[in-house]
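Chain by chain, the residues:
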Amino acid sequence: MRKLLPSCRNPEKKFNHTTKPCKRKLLVFKIRRRHLPSSHNQSLLSLQVILQPGVDSKQLKSFAQEIEMEGEAKANSFRALDIDVSNSIKNNQVQEYGRKTAHTIDHDSWKQVGLLLATCFNCGWILSFSNLIMVPLGWEWGITALAAVGLFTAYANWLLAGFHFIDGQRFLRYKDIMGFLFGRHMYYITWINQFFIFLLGNMGFIILGGRGLKDINAVFSDSPLRLQYYIVITGAAYFTFALVVPNMSSMRAWLGVSVVLTFGYIGFMLPVLVNDGNSHRGRSYEIEGSKADKVFNGLGALAAIIVCNTSGMLLEIQSTLRKPAVNNMRKALFVQYTVGLTVYYGVCIMGYWAYGTSVSDYLPNNLTGPKWAKVVANSGVYLQNIVSQHMFLQPVHEALDTKFLKLDKSINSRQNLQRRFVLRALLFTVTTFVAAALPFIGDFINFLGSFALIPLTFIFPSMIFLKMFLQPVHEALDTKFLKLDKSINSRQNLQRRFVLRALLFTVTTFVAAALPFIGDFINFLGSFALIPLTFIFPSMIFLKVKGNTVNAAQKRPLQSG
């Protein structure tokens, strides 16, 4: 490569391939962004070379092509050996993609995050799952759907956790990885979808807490206040907790309280459910309603199962973990889908077993026994909801804090505390006002929010997976048939890309549909085909590059002499 560089000692001398290079000049690789897909922006490297005036245009063009081809090949070989050739990785540290965050990252252990997931998913919403999930589906379809959707969501989150790092970039937010891989439009689509879910969920938590407070007050008063008053009180309680606990890592001090509350009210309710189930002999489990109602309620039940298993904010949670973040996130997910899932699935099934189709949309309403039993259950649920809602609203808090707080100062500094007070006050004023004005939208929030989680849980992770593993095929076809001197999203390239993608997926889909029995053959043959790509070829590349490095080191003293 050095033979292609002009001399830096004599700037007046015209370019010549035989000119000796300046040994003190370092090659600097920079990212080229011109007419390339967004996914290639961070992967294609070229050399930035300053040439002197008077160079022939044809000679310059030929030189540029040679230097780019050799530079890219050298960069790829360096990358294979983890040699730093760009600004993406410095001092063995991965660059964080997107805007810096005002919240704490790289701080929490996987045990802390796993416990946080297990307790926060066991919030007050699980007391409505018996009615939302089991009543529309019944025993057979209900148990099958719980197992299948739980398995799929666990795998989707496990898959998404592996994409926390791509091409030397670390993604702290879901919207950042979608924007990096699919462009600006997907960034905003993901951002809107996430914030829509989180804000709806927060309003649902406020309504749920207000109902719990009203039920507690009804035990002690024959004329309780209207639901709106309790909604406002709940909104004020959530605001206070969000102000005192600024971010997700700060919730560590409250995990012990959360564990006691979660397993306390659930452990208190289970014996009551068993007693009620044994005493109610005439309960029915028959699915009621017309055929259209059964289909509609069944879809709502499937959506509710998704809600109880996933949050749509996995990367935001993963950003708080210590290294290795991928392995630690998967350990935390294991805690959620074993300990946490056993608890909220158990409450869902036990409530349906005890009361059948007559189970209430809020399980404590069905409990028999002394009045203080309902007070204890509702109090535990209410306090636990304060902790749970704070975790599910963290991406909104993080976005506002990163935008408006002083990042060069402590998050608890006086100036940031004042700003955080205003931000939290405005946020909870809006959500509490909407929840108080429309307290009947609880079911609508649950239904709409559930379906909004589907792309974040299943579609987007699949898109990322296909983008990463089909990218070499797409890149080869695009480089061959697209106009490289035009934008990737130009009209002509868009038409060509449509034809290329359509032909590719038509062929693969046709073969899969025509030969559905070759699945085992594909798995067997593909496994053996991966052996040279995984073991043999990397070893050959390593030995080749290592040998060239040793030879260059051996020749260097001879040249200096």
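Quick caveat, the model's predicted, so the values are computed rather than measured. (Residues numbered from 1 in each chain as written. Predicted model: local features only at pLDDT ≥ 70, side-chain atom pairs only at ≥ 80, totals over all residues. Heavy atoms only, no water.)

**Thoughts on the environment of Asn309**
- As for its position among the elements, Asn309 is in the loop between helix H8 (291-307) and helix H9 (314-318).
- Using a relative accessible area of 0% as the deciding quantity, one classes Asn309 as buried.
- With sequence-adjacent residues up to four places away left out, Asn309 is seen in contact with Phe121, Gly150, Thr153, Asn157, Gln336, Tyr337, Leu341, Tyr344 and Tyr345.
- A distance of 3.0 Å separates a polar atom in the side chain of Asn309 from a polar atom in the side chain of Tyr345. (Helix = DSSP H or I, 4+ residues; strand = E, 2+ residues; numbered from the N terminus. Buried < 20%, exposed > 50% of the residue type's maximum accessible area, 1.4 Å probe, protein only. Contact = heavy atoms within 4.5 Å. Polar contact = N/O pair within 3.5 Å; in protein donor to acceptor, adjacent residues only side chain to side chain.)

**Some details on the packing of helix H5 (residues 184-220) against helix H12 (residues 394-404)**
- Packing of H5 against H12 leaves a shortest axis separation of 9 Å and a crossing angle of 120°. Where H5 abuts H12, its residues Phe195, Phe198 and Leu199 lie against Pro395, Val396 and Ala399.
- Class assignment of the residues belonging to the contact of H5 with H12 gives a composition of six nonpolar, no polar and no charged. (Axes fitted to C-alpha atoms, helices over the stretch in contact; angles between N-to-C directions. Nonpolar A, V, L, I, M, F, W, Y, C, P; charged D, E, K, R; others polar.)

**Brief notes about empty space enclosed by the protein**
- Counted according to the given criterion, the structure contains four cavities of 30 Å³ or more.
- Space inside the second largest cavity adds up to approximately 160 Å³.
- Here the lining of the second largest cavity takes three residues from H12, the largest share from any one element.
- In terms of residue class, the lining of the second largest cavity is built from four nonpolar, eight polar and three charged. (1 Å grid on protein atoms, 1.4 Å probe; cavity = no way out; pocket = protein on both sides within 12 Å on 5 of 7 lines; lining within 4 Å. Points joined across faces, edges and corners; volume = space filled by probe spheres on them.)

**A look at the pattern of salt bridges**
- Taken as a whole and judged by the stated rule, the model has five salt bridges.
- In this structure, Asp176 and Arg173 form a salt bridge, with 2.9 Å as the shortest nitrogen-oxygen distance.
- Judged by relative accessible area, Asp176 falls into the buried class, the value being 4%.
- On the accessibility criterion, Arg173 (6% relative accessible area) is buried.
- For the salt bridge of Arg424 with Asp401, the shortest nitrogen-to-oxygen distance reads 3.0 Å. Of this pair, Arg424 sits in helix H13 (residues 414-437) while Asp401 sits in helix H12; the two residues are 23 residues apart in sequence, bridging distant segments of the chain. (Salt bridge = Lys/Arg side-chain N within 4 Å of Asp/Glu carboxyl O.)

**Points about the nonpolar core**
- In terms of nonpolar packing, the biggest core is built from 102 residues, with Ile177 and Met329 touching the most fellow members.
- For Ile177, the contacting residues outside a window of four places in its chain are Phe163, Ile166, Phe171, Leu315 and Ile464. (Core = buried A, V, L, I, M, F, W, Y, C linked by side-chain atoms within 4.5 Å.)

**Regarding a nonpolar patch on the surface**
- Taken together, the side chains of Val295, Leu299, Leu302 and Phe451 make up a nonpolar region of the molecular surface, amounting to roughly 310 Å² of accessible area.
- Ranked by the residues each element gives to the nonpolar patch, the list is headed by H8, at three residues.
- With respect to the secondary-structure elements, Val295 resides in helix H8. (Patch = residues over 30% accessible without salt bridge, like charges linked within 9 Å, V, L, I, M, F, W, Y side chains within 5 Å. Areas by Shrake-Rupley, 256 points an atom, 1.4 Å probe, with all protein chains shown as cover.)

**Here we look at the confidence of the model for the protein chain**
- Overall, the prediction assigns the protein chain a mean pLDDT of 77, with 74% of residues at 70 or greater.
- Confidence over residues 1-55 falls short of pLDDT 50; this stretch has 97 contacts with residues more than four positions distant or in other chains.
- Scored below 50 in pLDDT, residues 70-93 makes 30 contacts in the model with residues more than four places away or belonging to other chains. (pLDDT = per-residue confidence, 0-100.)

**Points about the packing of aromatic side chains**
- Applying the stated criterion to the full structure yields 15 aromatic pairs.
- Taking the centre distance of 6.1 Å and the plane angle of 20° together, the rings of Tyr155 and Trp158 count as stacked. Placement of both Tyr155 and Trp158 in helix H3 (residues 129-161) is noted, with a separation of three residues, approximately one turn of the helix.
- Ring geometry for Tyr187 and Tyr188: centres 5.1 Å apart, planes at 85°, overall edge-to-face.
- Tyr187 gets classed as partly exposed once you look at its relative accessible area, which sits at 25%.
- Take Tyr188: its relative accessible area is 36%, and that puts it in the partly exposed class.
- Above the face of the Trp353 ring, Arg283 is positioned so that its terminal group lies 5.1 Å from the ring centre. (Phe/Tyr/Trp six-rings, centres within 6.5 Å; stacked < 30°, edge-to-face > 60°. Lys NZ or Arg CZ within 6 Å of the ring centre and 35° of its normal.)

**As for the environment of Met329**
- As for its placement among the helices and strands, Met329 is situated in helix H10 (residues 325-355).
- Once the C-alpha coordinates of Met329 and Leu314 are considered, the two residues, 15 residues apart in sequence, prove to be 8.7 Å apart.

**Details of unusual backbone geometry**
- Here Lys323 and Pro324 are connected by a cis peptide whose omega angle stands at -5°.
- Relative to the helices and strands, Pro324 resides in the loop between H9 and H10.
- With phi around 55°, Asp106 is a residue other than glycine that occupies positive phi space.
- Looking at the element boundaries, Asp106 is found in the loop between strand E4 (93-97) and helix H2 (110-120).

**Looking at the environment of Gly150**
- Within the element layout of this structure, Gly150 appears in helix H3.
- If near-sequence neighbours (up to four positions away) are discounted, Gly150 is found in contact with Ala145, Asn309, Tyr337 and Tyr345.

**Quick word on the side chain of Asn193**
- Structurally, Asn193 can be placed in helix H5.
- Looking at Asn193, the relative accessible area reads 13%, which means it is buried.
- Excluding anything up to four places from it in sequence, Asn193 contacts Ala452, Pro455 and Leu456.

**Points about the packing of helix H7 (residues 255-279) against helix H11 (residues 371-392)**
- At a minimum axis distance of 9 Å, the contact between H7 and H11 shows a crossing angle of 150°. The orientation of H7 with respect to H11, classified from their angle, is roughly antiparallel. The chirality of how H7 crosses H11 is left-handed. Mapping the contact onto sequence places Ser258, Leu261, Thr262, Tyr265, Phe268 and Met269 in H7 and Trp372, Ala373, Val376, Ala377, Gly380, Val381, Leu383, Gln384 and Val387 in H11.
- Of the residues contributing to the contact of H7 with H11, the split by class is 11 nonpolar, four polar and no charged. (Parallel < 35°, antiparallel > 145°, perpendicular 65-115°, else oblique. Left-handed = near helix turned anticlockwise from the far one by under 90°.)

**Thoughts on the side chain of Asn247**
- Summarising the element assignment, Asn247 is placed in the loop between helix H6 (227-244) and H7.
- The exposure class of Asn247 is buried, given its relative accessible area of 3%.
- Polar contacts involving the side chain of Asn247 include one to the side chain of Thr104, which spans 3.5 Å.
- Of the polar contacts made by the side chain of Asn247, one reaches the backbone nitrogen of Ser249; its length is 3.3 Å.
- Leaving out residues up to four positions away in the same chain, Asn247 has contacts with His103, Thr104, His390, Gln394 and Ile411.

**Observations concerning the state of the cysteines**
- This structure, assessed with the given rule, holds zero disulfides.
- Looking at Cys120, it has no disulfide partner, and the nearest cysteine sulfur is the one in Cys123, 7.9 Å off.
- The class of Cys120 is buried, set by a relative accessible area of 0%. (Disulfide = S-S within 2.5 Å.)

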